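Survey of secondary and tertiary structure
Residue-level listing of the chains:
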Amino acid sequence: MVGAILRRVFPHPQLTGFLVIIWLLLVNTITLGNLLLGVVLGVLIPGITQPFWPDRPKVGKPLKAAEYILLVLWDICIANIAVAKIILFKSNANTHSQWIAVPLELRSPEAITMLAGTITMTPGTVTAMLSADASHLLVHCLDTDDPDAVRDEIKHRYERRLKEIFE
Amino acid sequence: MSLIAEIVISFMLIVGGIFGLLGSWGLVKLNDTMRRLHAPTKATTLGVGGVLIASMVYFAVFMERVSFHELLITAFLLITAPITANFVAKAHMHRDVKERDLPPTGGDYGWAGYDEVGDGKQPIDTK
């Protein structure tokens, strides 16, 4: 009974906590009033947006998720330098851009979205499209001579970790 | 102490400026819409990142209050940049890219912009 009421008020407890933290960061000062307002928002917004979250993805391993975020942040720095080098020192004729199809093992829409975003932010690759049955990602690679290596790195470095986090 | 902080802030501002400039230069130099997408999604992230870190250090050292807005800006930027890039890529592909120019999916269905799954099969279980 109590559980059912709690589930009614907090349909998505992780999202509620997340919204409170985001609200406190937005107002930049922690006072009781702000905290209360944050909690009100944290209850209202998940309630209203509930139909958008049919599956409620569970992040089973928060430590792994933190590790993944740090890894991606580091890769973004590397990506920036790599792309800057290509822009500065490579002529357009020497840049070999290619399309790559990456087969997906991930099945949950949230995990695929994370993977697509990660690919766009990391070295020399942009996600362009998903196949109609969501089993492959179309990736555009700025400069590569070995598309298979790029595909394997995406699968090994990012998809494997996301699979551990989401499934 | 404040000298060190000033050096750090200036350094981050310069790094940010350089990468911002490089991202914009990439837009000018690269010769194909898909290639052009690479410049603003990557080089600019570090450009904005550098300015934000400089701003955080400035507020922490000289204004003596910790500001978290920069972290939020970073987070929102990291969330929105890939989505923008994806939509630009999709619009470009619908206009100018033929399906025969793309590699095959390797699965039973084509790419989402060119093929669709019939009613019989629901690819992602959204309940």
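The name recorded for chain B in an unreviewed UniProt entry is Multisubunit potassium/proton antiporter, PhaG subunit, from Tropicimonas sediminicola.

Chain A has the name Multisubunit potassium/proton antiporter, PhaE subunit in an unreviewed UniProt entry, where Tropicimonas sediminicola is given as its organism. Listed in UniProt under the heading Subcellular location (unreviewed entry), the comment for chain A reads: "Cell membrane".

1. A look at the UniProt feature "transmembrane region" (unreviewed entry) in chain A
Residues and elements named next belong to chain A. The sites that UniProt annotates as "transmembrane region" (unreviewed entry) are residues 21-48 and 68-88. Split by type, residues 21-48 is 86% helix and 0% strand. Its first and last C-alpha atoms lie 19 Å apart. A distance of 30 Å separates the end C-alpha atoms of residues 68-88, which is 100% helix and 0% strand.

2. What to know about the UniProt feature "transmembrane region" (unreviewed entry) in chain B
UniProt's entry tags residues 6-28, 40-62 and 68-89 of chain B with the feature "transmembrane region" (unreviewed entry), counted in the numbering of this structure. Annotated as 95% helix and 0% strand, the span residues 68-89 of chain B places its first and last C-alpha atoms 32 Å apart.

3. Here's the deal with the interface of chain A and chain B
Listed per partner, the contact involves 38 residues of chain A and 50 residues of chain B. Counting residues per element, the ones that place at least two in the side of chain A that touches chain B are helix H2 (13-27), helix H4 (62-89), strand E1 (98-103), helix H5 (109-121), strand E2 (125-130) and strand E3 (136-141) of chain A. Looking at which element gives the most residues to the side of chain A that touches chain B, the answer is H4 of chain A, with eight residues. For the side of chain A that touches chain B, a count of residues per class yields 25 nonpolar, 12 polar and one charged.

4. Some points on the confidence of the model for chain A
Put simply, chain A has an average pLDDT of 81, and 94% of its residues get 70 or more. For chain A, per-element mean pLDDT is lowest for helix H1 (residues 2-9) of chain A, which scores 71, and highest for E3 of chain A, which scores 86.

5. Points about the sheet that holds E1 of chain A
Residue and element names in this part refer to chain A. The strand order across the open sheet formed by three strands is E1-E3-E2, and the pairing between neighbours is antiparallel. What marks the edges here is a single partner per strand, and that holds for E1 and E2. Averaged over neighbouring strand pairs, the angle between their axes works out to 30 degrees when direction is ignored. Two elements, E2 and E3, share five bridges in a ladder whose sense is antiparallel. Looking at E3, one finds that Leu130 is bridged to Leu137.

Conventions we followed
- Residues numbered from 1 in each chain as written.
- Chains lettered and ligands numbered in written order.
- Predicted model: local features only at pLDDT ≥ 70, side-chain atom pairs only at ≥ 80, totals over all residues.
- UniProt positions renumbered as here; feature names shortened; annotations may be inferred.
- Helix = DSSP H or I, 4+ residues; strand = E, 2+ residues; numbered from the N terminus.
- Contact = placed C-beta atoms within 7 Å.
- Nonpolar A, V, L, I, M, F, W, Y, C, P; charged D, E, K, R; others polar.
- pLDDT = per-residue confidence, 0-100.
- Pairing = 2+ DSSP bridges.
- Axes fitted to C-alpha atoms, helices over the stretch in contact; angles between N-to-C directions.

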